[in-house]
Amino acid sequence: TLSLLYKLNKIDPSPLGPLNNATAAHNGQIGIIRGDITTLAVDAIVNAANKSLLGGGGVDGAIHRAAGPGLVAECRTLDGCDTGSSKITNAYKLPAKKVIHTVGPIYNSLYQQRCEAALRGCYQSALQLAVQNELKTIAFSAISTGIYGYPSPAAARIACSTAKDFLNGEDGDKLDRIIFVTFEEKDVNAYNRILPSDTSSE
Ligand code: AR6
């Protein structure tokens, strides 16, 4: 059964530096880790940006601060990004190789299907960009769950199901690991509940 695949194991934290509380699912291809995404020495970190791509608060602010001014300079050349889409840049002073900037939906409970489709688009487009750029390890922040107000349990369900669908798809073997980075307790709890269960999309 699917639950066998998602049995939790400790993952090897060595490529990720001194973070703990890492668990893995989907045969170790999906990991969850709590900490500051700007410290991860992975191939790509995924930023929760806004349509301007010119920086902001939350994780976006933290990534721009840690990367230094080269990042916003490159972002200025990109002409923004649509909601549910992603663009890639270099990572400058960050330990990651690349930054994938994605624009999550601003949550509105009256438009749940539209929000869900946009959030799914964020994860899909970021994973596609990773494969196109031959990046093998990708770490996501919990897109839209901060300033943009997406409820953490619903957002974690979409993140995990999109990742699993991607890994089961034709490009799935081109990625080594997808890491969900949690920061606040509410997202830690959401991923811990969602990941071990069957979250494949209907
Ligand atoms: N490492 C990992 N996750 C973090 C970090 C960090 N250093 N800091 C915050 N988080 P948010 P959004 C988590 O608000 O909701 C910006 O102004 C945080 O706990 O950063 O998509 C942009 O420019 C939450 O779970 O992004 C946009 O205008 C997650 O990152 C707007 O905010 C995302 O929260 C985007 O809002």
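Just above, that's the structure.
Summary of the structure given here. Quick caveat: nothing in here was measured; it's all calculated off a predicted structure. (Residues numbered from 1 in each chain as written. Predicted model: local features only at pLDDT ≥ 70, side-chain atom pairs only at ≥ 80, totals over all residues. Heavy atoms only, no water.)

## Looking at the pattern of salt bridges
This is how the line gets drawn: Any Lys or Arg side-chain nitrogen located within 4 Å of an Asp or Glu carboxyl oxygen qualifies as a salt bridge.
Within the structure shown, the criterion is met by six salt bridges. Among the charged side chains, a network of salt bridges with common partners joins E116, R120 and R157.

## Looking at the environment of A159
Which entries qualify depends on this criterion: Secondary structure elements are defined from DSSP: runs of H or I of at least 4 residues count as helices, runs of E of at least 2 residues count as strands, and each element is numbered from the N terminus. In what follows, a contact means two residues having at least one pair of non-hydrogen atoms within 4.5 Å.
Here A159 lies in helix α5 (residues 152–168). Counting along the chain gives 123 residues from A159 to D36, while the straight-line C-alpha distance between them is 18 Å. For A159, the contacting residues outside a window of four places in its chain are Y123, F180 and Y191.

## Some points on the nonpolar core
This is how the line gets drawn: To form a nonpolar core, buried Ala, Val, Leu, Ile, Met, Phe, Trp, Tyr and Cys residues must be joined to one another through side-chain atoms within 4.5 Å. Exposure categories follow from relative accessible area, calculated using a 1.4 Å probe and restricted to protein chains: below 20% of the type maximum is buried, above 50% is exposed, and the middle band is partly exposed.
If you look at the biggest cluster of nonpolar residues, it comprises 35 residues, and the most contacted ones within it are I138, F140, I178, F180 and Y191. Of all the secondary-structure elements, those providing two or more residues to this core are β3 (30–34), β4 (44–49), α4 (112–132), β7 (137–140), α5, β8 (177–182) and α6 (185–194). Looking at this core, the element that brings in the most residues is α4, giving nine residues. Not counting residues up to four positions away in its chain, the partners in contact with Y191 are I32, Y123, A142, A156, A159, C160, F180, T182 and P196. With 21 residues, the next largest nonpolar core counts I37, L53, I63 and L94 among its residues.

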